[in-house]
Amino acid sequence: MKEVIMTIHIIAASLWVGGMLFMVLVLSPYVRKLPDFVHHFQEVGKRYSFWGTFVSLTVLFLTGLYNMNVMGVPFTKVFSTNTVYAHTLSHKLYLFFITVVIAVVHDYVLGLRAHKSERLRILSAVAGVINLILGITIIYLAVRLRFGG
Ligand code: HEM
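All figures in this text were calculated on a predicted structure; none of them were measured in a lab. (Residues numbered from 1 in each chain as written. Predicted model: local features only at pLDDT ≥ 70, side-chain atom pairs only at ≥ 80, totals over all residues. Heavy atoms only, no water.)

Observations regarding a nonpolar patch on the surface
A contiguous nonpolar patch, built from Leu 21, Phe 22, Val 24, Leu 25, Val 26, Val 129, Ile 133 and Ile 136 and spanning about 700 Å² of accessible area, is present on the exposed surface. Those elements giving two or more residues to the nonpolar patch turn out to be α1 (2–31) and α5 (118–146). Of the residues forming the nonpolar patch, the biggest block, 5 residues, is contributed by α1. Within the element layout of this structure, Leu 25 appears in helix α1. (Patch = residues over 30% accessible without salt bridge, like charges linked within 9 Å, V, L, I, M, F, W, Y side chains within 5 Å. Areas by Shrake-Rupley, 256 points an atom, 1.4 Å probe, with all protein chains shown as cover. Salt bridge = Lys/Arg side-chain N within 4 Å of Asp/Glu carboxyl O. Helix = DSSP H or I, 4+ residues; strand = E, 2+ residues; numbered from the N terminus.)

Here it is as structure tokens:
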């Protein structure tokens, strides 16, 4: 069972971080050349908001809670356990909660209004890049957990 849950956790992590990498490296350079590119970004953004923000972040949290129990540091204890592993895991959780807040603001505030002003469009892009950097940092913390924290 723990192998299946960790596999689902890693697939969700791939969808979240891989999706953002795809948009920044592959989709964005192409879409920017299109007339009315903001509209295309918003259409793609709506779909990624469902599979990325809603599905993958929810799955990451639920499978992550299970992983924590398997590793013997349940959610109720992680912020009060004085081990290197628990500290790294709590840092991963802090970055995860910041990721969720930025994703919600990006998807439901900035992204939806990006066609209204250049400033909102740029803020939306910046929020997206910040979440990509956070996603890569969270993977680094996950690998540190694998090696003991
Ligand atoms: C953007 C969010 C997240 C990403 C990208 C992510 C990524 C990963 C990856 C790639 C692993 C496998 C590491 C390895 O075994 O080498 C992992 C393991 C793990 N994740 Fe996450 N994760 C995320 C969110 C969470 C959350 C929210 C929790 C807790 C609620 C969590 C708890 C764990 C635990 C306990 C492990 C096992 C670590 C170990 O090997 O001891 N993760 N995560």
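Side note on the packing of aromatic side chains
All told, the structure shown has 10 aromatic pairs when counted by the stated rule. Relative to Tyr 48, the ring of Trp 16 lies with its centre 5.8 Å away and its plane at 15°, an arrangement referred to as stacked. Here Trp 16 is found in helix α1, whereas its partner Tyr 48 is found in helix α2 (residues 37–70), with 32 residues between them in sequence. Ring centres of Phe 61 and Phe 75 lie 6.0 Å apart, and the angle between their planes is 85°; on these two criteria the pair is classed as edge-to-face. Linking Phe 61 in helix α2 with Phe 75 in helix α3 (residues 75–78), this pair joins segments that are 14 residues apart in sequence. Given the relative accessible area of 31%, Phe 75 is considered partly exposed. An aromatic cluster of three or more residues is present, and its members are Phe 61, Phe 75, Phe 79, Tyr 94, Phe 96 and Phe 97. (Phe/Tyr/Trp six-rings, centres within 6.5 Å; stacked < 30°, edge-to-face > 60°. Buried < 20%, exposed > 50% of the residue type's maximum accessible area, 1.4 Å probe, protein only.)

Keep in mind that these numbers describe shape and distance, not what the molecule does.
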